[in-house]
Amino acid sequence: MATIYYEKDADLSVLSGKTVAVIGFGSQGHAHAMNLRDSGVEVIIGHHGGPSSATFTAAKDAGFEVVRVAEASKRADVIVVLVPDTIQKDVYTNEIKPNLEAGNSLMFSHGLSIHFKLIVPEPETDVWMIAPKGPGHLVRDEYEAGAGVPCLVAIKQDATGNAMQTALAYGAGIGGARAGIIETTFKEETETDLFGEQTVLCGGSAALIKTGFEVLIEAGYQPEIAFFEVMHELKLIVDLYYRGGLKFMNYSVSDTAEYGGLSVGPKIITAETKKVMKEVLRRIQDGEFTKEWMDEYASGGKNFQKLRDADANHPVEKTGEELRKMMSWIK
């Protein structure tokens, strides 16, 4: 069983007198920075882009001191790396690393750069992770509601002997300790996160939707009806999973839907599908996917854009764009 830490295990005073530099003010960055500030922690924002960018303006409007990444890193005791994976190596090498001091902490919310050695921190630096299991807006909303989003914690380097205490204090500062902070490793978080995204959450679900839509259209059904059955109603099912798991979903739908799902599901996701999933996991574990993605980004992302365009132009997207105009409750 996993080790789970709560507020009783975290001492927020560990961060007293320390400066936290949040590098990046996007989805996670804005939530971490605002929650930490509301928890009494001194926070500055390290900005990588220009002063005309939307995130720079958002950080200033939120009342934060915004400085260049190099200055923020020099002033901080805890440097929170929340820029995209694709630019973390350059930001670290050029702006963070030259300004690190022994005993500083490097914090990540995803382990890719560390686990696959795109970044190799100095040995006198603490390196740890607090990874909320939810998007930034949820991290902020739950904190403001007096609750929190569960987080993961992992320690890669403990140069000071206090890395776990600092990490748990940080997790408490953003509200995660209210819900629970689960101990993991950089390896486990990185590999399982990539696997889930590719095979189920983003890749697998999108492929199922598009293929199901195509089968119905090719059989002569109206695209509007097909859209509701394979895309729109998926949220209803996912919400049931989210609330109570597989059992609750099956309890909530009709017996016809439950029997059909239980009997047909294994024919859609077959032993061959599982074999492909295992190959996907192997490529993640071996670092092949990370190399492919970094090479794709470095070369200008032409194939990435091609894949994006294909998704955006799929008939299920065109149909959905029109039908969502009927749904005033969708924002």
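Residues numbered from 1 in each chain as written. Predicted model: local features only at pLDDT ≥ 70, side-chain atom pairs only at ≥ 80, totals over all residues. Heavy atoms only, no water.

### Let's talk about helix 9 (residues 186-201)
Residues lying three or four places apart along an α-helix face the same way, a consequence of the helix completing one turn every 3.6 residues.
In step 1: Within the sequence span of helix 9, burial applies to Phe186, Glu189, Thr190, Glu191, Asp193, Leu194, Gly196 and Thr199.
In step 2: Packed against the buried residues of helix 9 are helix 5 (112-115), strand 7 (126-132), strand 8 (151-157), helix 10 (203-218), helix 14 (271-285) and helix 15 (288-298). (Buried < 20%, exposed > 50% of the residue type's maximum accessible area, 1.4 Å probe, protein only. Helix = DSSP H or I, 4+ residues; strand = E, 2+ residues; numbered from the N terminus. Contact = heavy atoms within 4.5 Å.)

### Thoughts on the environment of serine 109
In step 1: Along the chain, serine 109 turns up in the loop between strand 6 (105-108) and helix 5.
In step 2: Serine 109 sits in the buried class, given a relative accessible area of 19%.
In step 3: For the pair serine 109 and cysteine 151, spaced 42 residues apart in sequence, the C-alpha separation works out to 9.3 Å.
In step 4: Every residue in contact with serine 109, bar those within four places of it in the chain, is listed here: Val81, Leu82, Met129, Ile130, Ala131, Pro132 and Glu189.

### Section: the sheet that holds strand 5 (residues 78-81)
In step 1: The strand order across the open sheet formed by 9 strands is 1-9-8-7-6-5-2-3-4, and the pairing between neighbours is mixed. A single partner strand is all that each edge strand has here, and the edge strands are strand 1 (4-5) and strand 4 (66-68).
In step 2: Of the pairings in the sheet, the one linking strand 1 to strand 9 (residues 181-183) comprises 2 bridges and is antiparallel in character. The partner of isoleucine 4 across the bridge, within strand 9, is isoleucine 182.
In step 3: On the sheet, helix 7 (residues 163-173) packs against strand 1, strand 2 (19-23), strand 5, strand 6, strand 7, strand 8 and strand 9 and is oriented at approximately 30° with respect to strand 7. (Pairing = 2+ DSSP bridges. Axes fitted to C-alpha atoms, helices over the stretch in contact; angles between N-to-C directions.)

### A look at the nonpolar core
In step 1: Ile45, Ile130 and Tyr170 are the most contacted members of the largest nonpolar core, which has 34 residues in total.
In step 2: Elements with a minimum of two residues in this core: strand 2, helix 1 (27-38), strand 3 (42-47), helix 2 (54-61), strand 5, strand 7, strand 8 and helix 7.
In step 3: With 7 residues, the single largest contributor to this core is helix 7.
In step 4: Excluding residues that lie within four positions of it along the chain, isoleucine 130 makes contacts with His32, Met107, Phe108, Ser109, Cys151, Leu152, Val153, Ala167, Tyr170, Gly171, Ile174 and Ile181.
In step 5: Counting 25 residues, the second largest nonpolar core, distinct from the first, contains Ala72, Ile87, Ile114 and Ile119. (Core = buried A, V, L, I, M, F, W, Y, C linked by side-chain atoms within 4.5 Å.)

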